[in-house]
Amino acid sequence: MNKIETKAFIQEKFVEYYRQNSASIDPPSSLTNREFAFLLFKERMMLRHKGVKNAEDLRTLLKTVVPSDVYYSSAYYEKPEEEMEAKGWLGADLVFDIDADHIQTPCGKKHDTWTCNNCGATGRGAPPEKCPICKMQKFDDKSWPCEICLESAKRETVKLIDVLTRDFGLSPQEMTVAFSGHRGYHVHVEDETVQTLDQMARKEIVDYMVGIGLEPRFHGMEEGLGPNLEEAGWRGRIARGTYDFLLNTNTEQLEEMGLKRSVVNSLINQRDKILESWKSRGPWKTKGVGSESWKKIVQKAIENQSVKIDTVVTTDIHRLIRLTNTLHGKTGLKKIQVSASDIEQFDPLKDAIAFKEGRISLVVFEAPEFKLGDERYGPYKNIEVELPTAAALFLLCKGAAQVKEEH
Amino acid sequence: MMISTTKDAFLKRRYALAEAKRAYNLLKQENKDKITQIANTFNWKIKPAKSETADFALHFTDFLRNTTGFHETKWKLVNRTMLNGEVLLTRDETARLLAEEVRGHIERKLDTKIGLELPPGIANRVELLQQLFWSKKGKMRLEEMPKEIVLDAFPPCIRQLYNTILSGRHISHVGRFALTTFLINSGMTVDNVVDLFRSLSDFNERMTRYQAEHIAGGRGSRTKYIPPKCDTLRTHGVCPGMDEICRRIRHPLAYYRRKLRIMQTATETPTAPRA
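Residues numbered from 1 in each chain as written. Chains lettered and ligands numbered in written order. Predicted model: local features only at pLDDT ≥ 70, side-chain atom pairs only at ≥ 80, totals over all residues.

**Thoughts on the overall build of chain A**
For chain A, the helix and strand inventory stands at 13 helices and 18 strands. The principal-axis extents of the C-alpha atoms in chain A amount to approximately 75 × 55 × 40 Å. For chain A, the share of sequence-separated contacts (at least 6 apart) that also reach a separation of at least 24 residues comes to 64%. (Helix = DSSP H or I, 4+ residues; strand = E, 2+ residues; numbered from the N terminus. Contact = placed C-beta atoms within 7 Å.)

Quick look at the structure:
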């Protein structure tokens, strides 16, 4: 099969999914005030400014259009079908997106590949500054949803939920958490009090999450003084981040931060005593560690506690968001909701599988090892294999394989 | 009422600000109960704080609605203590936020149209007020941009984006928007902007031109876009760090104007030999 036939094959599978599962697809709240958008298989064109009357209307649309990706607006409009300027913005959900692309992950993204646009050289991981062969700086890159990346994204999501509940006072029932079907998680807050917040207010919420513009002096950091572990908001977060940092750090890391040799020695040699001191008034008066050193350490604590969200998504009050239980065109997995309290046990690469039956014979060009469901697959290179539908579709959507011709 | 009939946005803002200042001076002398009562009339979710260092606990949405215009770093949400959705505030800070609410309230009220004709006596006064205002406002200098783009006067963020684009490397969406709006606003033509993006791997002439024209106000809504504020660029990771001039401004275009002025005075002044 060539590229076009492979695309048609994928679309056939999507048709199957939407015919059998449309009943599981629920529209978002305030349906008639939302804009819908569909990315079409044909020419990768985006059909925008669509309005939907009711759930049945939406399900019929999905069965007839069969898009590669389905989106709706986080915003509420008076007239969702008009052009942007005439829509009449009424408000928008508060939305967070956590994507492995924005996080440094322990796997080093070895599964990602880049290709130099100039000479065709390829490599693994994030693209280099310059092509090692021709020194040009333009690349195409391909990313994979790996379990380690997704675990890092989950850790950030857990942090986000913690800040939303403890600091922002939202209950787990007031937020919707979902795996996007590709490389990350979405968290939605539909609470009425946040709907009318403007871009500037949302930017402040982003800065709060990421710790941008945070000045420790407003959180109890003074000469010989600092916050305590159980304090509220960023105070406690700075303290807990500092505790974690001091617990896990080593001489090498401390020296890299530009701390003086004597300070490094004080921190390492007195580590137990310092950790013990949190029970009383904290480590801020430790002998041999001055306020300049604490500043550097606290910066590390802030980095450690900050939530790595996509800053653009949250500040955009007209954002289009993937609809839950629809398929992701890059993976053939579905976006799936998970309750905020169950996220620790959630296995995205298992629960998001949309196709549970059948097998498909493929020719795989190249694919790193990956996990889907309870099985591991690959690595593959120019090989014919027969795989369960979900794994096969995953490789096809990723452009890493084509369906084997039947003779 | 007189101000609202002038239909002048600048005058309305000045008036609302003056009233807000007056309100602040009165409010900060009031006791906690009175402040709570006034806050309640604006539907604030506020209650006394259970804290030694703060007087009030205010819901973060009410806090955000009234602080995004403030520039002092102590008003950033990330620099406040927040628990259960409530931001801790002193009495004085609460008075300041209430004054801001008053300012917004007055501005909105001034925007409502007055249907009736003013009696001649009052209409004359409004006329006089407006004339007085225009004579003063005329003195406020409107700054012109130079005709040529002066690369040396670019702020660090724009310089970095510009260099990245020149070398054909990828920049974020926010980065592209900041660069394009900056270049268009400092006088670069749409053609030149499109050429600049030509070296990108995902360059698409039709799309780039469409977007550049849109930003320049030539399409669709006809609004001309300006670059995001420094604060916003910082949020989206576009700010590479501040230099001396950055500390004095809040907007990349303000940086450009200031730097141009500095460069101009540097070339105009002491080089001339004494007679």
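Once the structure has been displayed, the description carries forward.
**Section: the domain arrangement of chain A**
Residues and elements named next belong to chain A. Here chain A is partitioned into domain 1 (3-100 + 147-201 + 311-354), domain 2 (216-305) and domain 3 (355-407). In this structure, domain 1 and domain 3 have C-alpha centres spaced 26 Å apart. If you list the elements that add at least two residues to the side of domain 1 that touches domain 3, you get α1 (3-21) and α12 (348-351). Considering each element in turn, the side of domain 1 that touches domain 3 owes the most residues, five residues, to α1. Partitioning the side of domain 1 that touches domain 3 into residue classes produces six nonpolar, four polar and four charged. (Domains from an automatic or database assignment. Nonpolar A, V, L, I, M, F, W, Y, C, P; charged D, E, K, R; others polar.)

**Structural notes on helix α10 (residues 291-305) of chain A**
Residue pairs three or four apart in sequence face the same way in an α-helix, which turns once every 3.6 residues. All names here are of chain A. Taking 1.5 Å of rise per residue, the 15 residues of α10 would be expected to cover 21 Å, and the 20 Å separating its terminal C-alpha atoms lies within 8% of that figure. Those residues of α10 that sit buried are Ser 293, Trp 294, Ile 297, Val 298, Ala 301, Ile 302 and Gln 305. Looking at the buried side of α10, the elements it contacts are α6 (233-248) and α8 (261-269). (Expected span 1.5 Å × (residues − 1). Buried ≥ 20, exposed ≤ 12 C-beta atoms within 10 Å, placed from the backbone.)

**Points about the pairing of strand β7 (residues 113-116) of chain A**
Residues and elements named next belong to chain A. Pairing geometry for β7 and strand β8 (residues 122-124), over three bridges, is antiparallel. Counterpart to Thr 115 in the pairing with β8 is Thr 122. The hairpin turn running from β7 into β8, its antiparallel successor, is five residues long, and Gly 120 in that turn takes a positive phi close to 85°. When β7 meets strand β9 (residues 139-142), the two strands line up antiparallel, connected through four bridges. The residue bridging Thr 115 from the neighbouring strand is Asp 140, located in β9. (Pairing = 2+ DSSP bridges.)

**Looking at the nonpolar core**
Leu 160, Met 209 and Leu 395 of chain A are the most contacted members of the largest nonpolar core, which totals 124 residues. When residues no more than four places from it in sequence are discounted, the contact partners of Leu 395 of chain A are Leu 362, Val 364, Ala 367, Ala 400 and Ala 401 of chain A. Within the second largest apolar cluster, 22 residues are counted, among which are Leu 179, Phe 197, Leu 233 and Tyr 256 of chain B. (Core = buried A, V, L, I, M, F, W, Y, C linked by C-beta atoms within 7 Å.)

**Considerations on the sheet that holds strand β2 (residues 56-59) of chain B**
Residues and elements named next belong to chain B. In space, the four strands of this open sheet follow the order β1-β2-β4-β3, with antiparallel pairing throughout. Two strands in the sheet have a free side with no partner beyond their single neighbour: β1 (46-48) and β3 (82-83). In terms of strand pairing, β3 meets strand β4 (residues 86-89) through two bridges, oriented antiparallel. Bridge pairing in β4 links Met 82 to Val 87. The sheet contacts of helix α4 (residues 60-67) involve β2, β3 and β4, and relative to β2 the element is tilted by about 85°. (Axes fitted to C-alpha atoms, helices over the stretch in contact; angles between N-to-C directions.)

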